[in-house]
Amino acid sequence: MSTFYITTPIYYVNDAPHIGHAYTTVVADAFARWHRLLGDDTMMLTGTDEHGLKIQRAAEENGVSPQEQVDSTSVLFREAAALMNIANDDFIRTTEPRHHAAVQELMQRIYDNGYIYSDTYEGLYCVGCEAYYTEDELNDGNCRIHDRPAEQMVEENYFFKLSAFADQLLEYFEQTNGVVKPDGYRNEVLGLLKQELRDVSISRSSLSWGIPVPWDDKHVFYVWYDALINYATAAGFGADDAAFEKWWPNVTHIIGKDIIRFHCVFWPAMLLAAGITDLPKYYVHGWLLIGGEKMSKSKLNSVTPKQLIEGDGDQGFAAFGVDGFRYHFLRDPPFGPDSDFSYEQMITRYNSDLANQFGNLVQRVITVTGKKCGDVSPAPSADSPLAAVASEAYEATAAAWERAQPPIAFDATWRLIRETNEYLAANEPWKMDEGADVDRVMGDALEAIRIVTILASPAIPEAAQRTWERIGMDGNVHDQRLPEAAGWGGYPGGVALASGDPLFPRLKG
Ligand code: MSP
């Protein structure tokens, strides 16, 4: 058994959650669920990023205090996580006292170690990114992400000696395999590290909505350097040493490609400066685009998770249900590159993989078994041709998770569903007489369903548990342990089956 700690970025609370945020969170949750199936001691963290100028301005625009702004919007992210069936172990808010304490402790250590100094800073600042840029990094003075002019700022700031860590960081990312997945993004990190690393400003004196610098309370920390520390706070940094020692060496950050520099350059340097030598691993994904543009509330093209999960007649959105919603985001966008969000693709995927392939298989097997095999279910045969298919499906699924490729993992799992459907089509058990032959075919199909249900559970947790119960399995599918539980022959037979409503009713396109 190992230990696995996975985090999402913490979301800005200037606006409500949209499906770009949902994507990151669902993927992180599926990784956590997969690791729980492997028997790993697992912690999943998500939360909200609540300080900084962007939030202060959003509060001003909304005519509320910053505290009111963050309280009311953080709840929306918490609710969205619940709606998406995210099994997070913790939800961190950067305005919590535990986080204030951790930030001050970690920054004080960096200061005491001599890596922070004071200086004047003048530069071009994008409030959308909460980041300074050089002229070269801008497009005619406009931020490339937000397409708005960067603002000239002059401030007396504290600076972090990022430049002192260039070699150590390069060594970490060059020599440790699999630190950044997919590998293409590791090259991007190496590219950033090979440029000159300039020291960075980490405090602001013109802003009050932040965590005070412990050695100079006229300053607050610049929001990113407070935010990054959330991952350490939740692991117990400065408060629970045993917890921190357990979780920290096993941390993986899921991030969008837009926040690579902060996570892969600044953050590990801060950890090293504070004397923490265990550095994170990263799973990096691309952007979900709508019509070729990054989705964002400010560009008015956002779709909310709720609209797709519960349906929205006004917008013409069907109700995908929580599992239908999750499955799309795990199966369709390739993990790494950018991809266009397509409602049509979401409908097609749902109807083909969930309604036709998975839902129909379960329904049909339960119906035919009820008609042909008496009151209780048959057991699988030891020499079933599906045994090898199941074993290959498990191996391929596990390998894809290891490579951080959820879409490939679910494709491999669905191969077992498709082959089981083909096995039924070839044997036509509905035409067979009652007896040993039909018992064998249906026992094999039930066993394939049992295995599929476990492997698919990180994507479709509710339908997986309902299926588990319908085929007469005891307990909870989420408590199964791999690889043992995927071994052929685990279905006991001799149990009562239960039919029910279609697991995934077909949706109209
Ligand atoms: N608050 C910072 C992160 C601090 S982490 C210490 C932030 N917040 S954010 O709300 O703007 O975005 C958070 C993350 O949401 C992005 O990095 C990305 O992972 C995800 N996404 C936001 N929009 C997205 C898309 N359109 N597509 C894919 N992911 C998107 O940055």
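Note that the coordinates shown come from a computational prediction; the quantities given were computed from them, not determined experimentally.

Conventions we followed
The residue numbers shown here count from 1 along each chain, following its written sequence. In keeping with the model being predicted, local features are shown solely for residues with a pLDDT of at least 70 and side-chain atom pairs are shown and tallied solely at 80 or more, while totals for entire chains, interfaces and linings include all residues. Heavy atoms from the whole structure form the basis of all side-chain values; hydrogens and water molecules are not counted. Each residue is placed in one exposure class: buried if its accessible area under a 1.4 Å probe, protein chains only, is under 20% of its type's maximum, exposed if it is over 50%, and partly exposed if it falls in between. Strands here are runs of E lasting at least two residues and helices are runs of H or I lasting at least four, both read from the DSSP assignment and numbered beginning at the N terminus. Each direction from the helix axis to a C-beta atom contributes to the arc, which is the arc of those directions. Should any heavy atoms of two residues lie within 4.5 Å, those residues are counted as being in contact. Proximity is defined per residue: if any heavy atom of the residue lies within 4 Å of a molecule or strand, that residue is considered near it. Polar contact criterion, stated in full: a pair of N or O atoms within 3.5 Å, where within protein one must be able to donate a hydrogen and the other to accept it, and residues adjacent in sequence count only if both atoms are side-chain atoms. All accessibility values rest on the Shrake-Rupley procedure with a 1.4 Å probe; residue burial counts only the protein chains present in the view. Throughout this entry, Asp, Glu, Lys and Arg are counted as charged residues, while Ala, Val, Leu, Ile, Met, Phe, Trp, Tyr, Cys and Pro are counted as nonpolar. The remaining residues, Gly among them, count as polar. Throughout this description, the term salt bridge denotes a Lys or Arg side-chain nitrogen within 4 Å of a carboxyl oxygen of Asp or Glu. Every axis corresponds to a line fitted to the C-alpha atoms, with the helix fit spanning only the stretch in contact, and the corresponding angles, defined between N-to-C directions, vary from 0 to 180 degrees. Each angle receives one of four descriptions, namely roughly parallel if under 35 degrees, roughly antiparallel if over 145, roughly perpendicular if within 65 to 115, and oblique otherwise. Only when DSSP finds a minimum of two bridges between them are two strands counted as paired. Grouping buried Ala, Val, Leu, Ile, Met, Phe, Trp, Tyr and Cys residues that are joined through side-chain atoms within 4.5 Å yields what is termed a nonpolar core. All the domain ranges listed were derived from an automatic or database domain assignment. Here's the idea: put two parts together, see how much 1.4 Å probe accessible area each one loses, and the total over both is what we call buried area.

Caption draft 1: Molecular detail of helix 5 (residues 166-175). Turning to helix 5, its buried residues are Ala-166, Leu-169, Leu-170, Tyr-172 and Phe-173. When helix 5 is viewed along its axis, its buried side chains cluster within an angular range of 160 degrees and face the same direction. Away from its buried face by more than 90 degrees, helix 5 exposes Asp-167 and Gln-175. The elements touched by buried residues of helix 5 are strand 8 (180-181), helix 6 (183-194), helix 10 (260-273) and strand 14 (281-285).

Caption draft 2: Focus on the environment of Leu-497. The residue Leu-497 is located in the segment after helix 17 (461-470) in this model. Here the alpha-carbon distance between Leu-497 and Arg-470, two residues 27 residues apart in the chain, equals 5.4 Å. If near-sequence neighbours (up to four positions away) are discounted, Leu-497 is found in contact with Ile-366, Thr-369, Ser-377, Leu-446, Arg-470, Ile-471, Gly-472 and Tyr-491.

Caption draft 3: Unusual backbone geometry, seen in detail. Look at the link from Lys-181 to Pro-182: it is a cis peptide, with omega at -10 degrees. Among the secondary structure elements, Pro-182 is positioned in the loop between strand 8 and helix 6. Notably, Asp-147 is not glycine yet its phi reads approximately 55 degrees, a positive angle. Structurally, Asp-147 is set in the loop between strand 6 (131-133) and strand 7 (151-160). The class for Asp-147 is exposed, based on a relative accessible area of 55%. Its identity as a non-glycine residue notwithstanding, Glu-428 has a phi of 45 degrees, on the positive side. Within the element layout of this structure, Glu-428 appears in the loop between helix 15 (406-427) and helix 16 (436-456). With a relative accessible area of 31%, Glu-428 lands in the partly exposed category.

Caption draft 4: Highlighting the site of the ligand. Taken together, the neighbourhood of the ligand is formed by 24 residues, with Ile-10, Asp-49, Gly-256, Ile-259 and Leu-288 sitting nearest. One of the side-chain N or O atoms of His-21 is found 3.4 Å from an oxygen atom in the ligand. When isolated, the ligand has an accessible area of 660 Å², and the protein chains bury 95% of it. If you list the elements that add at least two residues to the shell around the ligand, you get strand 2 (11-12), helix 1 (19-37), helix 7 (223-227) and helix 8 (230-234). By residue class, the composition of the shell around the ligand is 12 nonpolar, 9 polar and 3 charged.

Caption draft 5: Fine view of the pattern of salt bridges. The tally for this structure, following the rule as stated, stands at 22 salt bridges. Put simply, Lys-194 and Glu-174 hold a salt bridge, and the shortest N to O gap is 3.7 Å. Of this pair, Lys-194 sits in helix 6 while Glu-174 sits in helix 5, and the two are 20 residues apart along the sequence. On the accessibility criterion, Lys-194 (55% relative accessible area) is exposed. Between Asp-411 and Arg-331 there is a salt bridge whose closest N-O contact spans 3.3 Å. Taken together, the residues span a long stretch of sequence, with Asp-411 in helix 15 and Arg-331 in helix 12 (residues 321-331) at a distance of 80 residues. Bridged by salt links that share partners, the residues Asp-29, Arg-33 and Arg-326 form one connected network.

Caption draft 6: Inspection of the packing of helix 14 (residues 385-402) against helix 16 at higher detail. At a closest axis distance of 10 Å, the pairing of helix 14 and helix 16 adopts a crossing angle of 5 degrees. One element, helix 14, and the other, helix 16, form an angle in the roughly parallel class. Taking contact as the criterion, the partners of Leu-386, Ala-390, Tyr-394 and Thr-397 in helix 14 are, on helix 16, Asp-444, Ala-448, Ile-451 and Leu-455. Considered class by class, the residues forming the contact of helix 14 with helix 16 number 6 nonpolar, 1 polar and 1 charged.

Caption draft 7: Broad picture of the sheet that holds strand 11 (residues 212-213). Ordered in space as 10-12-11, the 3 strands form an open sheet in which the pairing is antiparallel. Two strands in the sheet have a free side with no partner beyond their single neighbour: strand 10 (203-204) and strand 11. Bridge analysis of strand 10 against strand 12 (residues 216-221) gives 2 bridges, and the strand direction is antiparallel. Looking at the pairing, Ser-203 lines up with Phe-221 of strand 12.

Caption draft 8: Region of the structure containing the nonpolar core. Leu-308, Phe-325 and Ile-460 are the most contacted members of the largest nonpolar core, which totals 91 residues. Residues from two domains meet in this core; each of domain 1 (3-285) and domain 2 (343-486) gives at least three. Excluding its chain neighbours within four sequence positions, the residues that come into contact with Leu-308 are Ile-19, Val-303, Phe-317, Ala-318, Ala-319, Phe-320, Gly-321, Phe-325, Phe-341, Tyr-343 and Met-346. Membership of the second largest hydrophobic core comes to 87 residues, among which are Val-70, Leu-106, Met-153 and Leu-272.

Caption draft 9: Broad picture of the domain arrangement of the protein. Looking at the protein, the domain boundaries give domain 1 (3-285) and domain 2 (343-486). Each of domain 1 and domain 2 has a C-alpha centre, and the two are 41 Å apart. Contacts between the two partners involve 13 residues from domain 1, matched on the other side by 20 residues from domain 2. Counting each side, the surface lost to burial between domain 1 and domain 2 is near 1300 Å², with a carbon and sulfur contribution of 68%. It is Arg-33, Trp-34 and Leu-37 in domain 1 that bury the most area against domain 2; as a group they hold 49% of the surface buried on that side. Connecting domain 1 to domain 2 are 3 residue pairs in polar contact (both at pLDDT 80 or more). Among the elements that make up the side of domain 1 that touches domain 2, the one with the highest residue count is helix 1 (7 residues). Here the residues of the side of domain 1 that touches domain 2 are counted per class, giving 8 nonpolar, 2 polar and 3 charged.

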